[in-house]
Amino acid sequence: MTDRSPGDVLDDPCVRRVAAALASFGVRGQITVLNDAANTARQAAEALGIEIAQIANSLVFTARGSTTILPLLVIASGAHRVDTRRLADLLELSAVSLADAEYVRQQTGFTIGGVAPIAPSHPIETVVDVSLSRYDRVWAAAGHPQAVFPTSYDELLRLTQGHPAEVA
């Protein structure tokens, strides 16, 4: 994906969907367009000049129960690697595994690198990493690899109706 101008990024349908969701919740933080695509938490942190732990990384997993397979969104600190065994035990699942790019797109409507913690195309169970609570401000993807928005741990819980948990 080539880097796009700020106007083009803000006009992207996925970014508009996130902006509308933020507005509907009364969120004041504005979507910021980065100069370059940030496909990883490290790239986003470097572009914003913040610690990698302040990136609220939206990761999609497949969650296997006894009879079902469902998507699971984990909003993890960019400094953490999600412990899938811990997550499976916590949620009483038989297994949790990182989803592939096509499954991510099907379940959220976003591409990897731009998965927002809000406004998925389908309802999705969400877990929010408690370590994000250490920061007054964290940054999350806003529907495009060049778009992010500032938020807080408490606001992420409110916006996503997510479950707080230690994920690493």
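Heads up: the structure comes first, above all this text.
Residues numbered from 1 in each chain as written. Predicted model: local features only at pLDDT ≥ 70, side-chain atom pairs only at ≥ 80, totals over all residues. Heavy atoms only, no water.

A. Molecular detail of helix H6 (residues 153–160). In terms of residue burial, H6 counts as a mostly covered element, since six of its eight residues are buried. Among the residues of H6, those classed as buried are Tyr-153, Glu-155, Leu-156, Leu-157, Leu-159 and Thr-160. Within two residues after H6, Gln-161 carries a phi angle of roughly 55°, on the positive side. (Buried < 20%, exposed > 50% of the residue type's maximum accessible area, 1.4 Å probe, protein only. Helix = DSSP H or I, 4+ residues; strand = E, 2+ residues; numbered from the N terminus.)

B. Representation of the pattern of salt bridges. Per the counting criterion, the structure on display carries three salt bridges. Residues Arg-86 and Glu-166 are paired through a salt bridge, measuring 3.7 Å at the closest nitrogen-oxygen approach. Here Arg-86, found in helix H4 (residues 84–90), pairs with Glu-166, found in the segment after strand S8 (163–165); they are 80 residues apart in sequence, far enough to count as distant. Judged by its relative accessible area of 35%, Arg-86 is partly exposed. Under the relative-accessibility criterion, Glu-166 is labelled exposed at 53%. Close ionic contact of Arg-105 with Glu-102 constitutes a salt bridge, the shortest N to O distance being 2.5 Å. Of this pair, Arg-105 and Glu-102 both sit in helix H5 (residues 101–108), three residues apart, which is roughly one turn of that helix. A residue is classified by how much of its surface remains accessible, and Glu-102, at 38% relative accessible area, is partly exposed. (Salt bridge = Lys/Arg side-chain N within 4 Å of Asp/Glu carboxyl O.)

C. Highlighting the nonpolar core. Of all hydrophobic cores here, the largest spans 35 residues; its most connected members are Val-18, Leu-22, Ile-31 and Leu-132. Those elements giving two or more residues to this core turn out to be helix H2 (13–24), strand S2 (55–64), strand S3 (69–77), H5, strand S6 (138–141), strand S7 (147–151) and H6. Looking at which element gives the most residues to this core, the answer is H2, with five residues. If we ignore the near neighbours within four places in the chain, the residues touching Leu-22 are Val-27, Ile-31, Ile-118, Phe-149 and Leu-159. Core analysis: the second largest hydrophobic core is formed by 12 residues, Ala-63, Leu-87, Ala-88 and Val-127 among them. (Core = buried A, V, L, I, M, F, W, Y, C linked by side-chain atoms within 4.5 Å. Contact = heavy atoms within 4.5 Å.)

D. Structural context of the side chain of Gln-54. Within the element layout of this structure, Gln-54 appears in the loop between helix H3 (41–48) and S2. Residue Gln-54 is classed as buried on the basis of its relative accessible area, which comes to 15%. From its side chain, Gln-54 meets the backbone oxygen of Arg-137 in a polar contact 3.2 Å long. With residues up to four places along the chain from it excluded, the contact list for Gln-54 reads Tyr-135, Arg-137, Val-138 and Trp-139. (Polar contact = N/O pair within 3.5 Å; in protein donor to acceptor, adjacent residues only side chain to side chain.)

E. Looking closely at the pairing of S7. With five of its five residues buried, S7 lies for the most part within the structure. Burial along S7 is two-sided: the residues Ala-147, Phe-149 and Thr-151 and Val-148 and Pro-150 are all buried. Where strand S1 (residues 32–33) and S7 come together, two bridges link them in antiparallel fashion. Following the sheet pairing, Thr-32 is matched in S7 by Val-148. A loop of five residues connects S6 with S7, the two strands running antiparallel in sequence, and Gly-143 in this loop sits at a positive phi of about 100°. (Pairing = 2+ DSSP bridges.)

F. Local environment of the pairing of strand S5 (residues 125–129). Most of S5 is tucked away: four of the five residues are buried. By the bridge criterion, four bridges tie S3 to S5 in an arrangement that is parallel. Across the sheet, the residue bridging to Leu-73 is Thr-126, located in S5.

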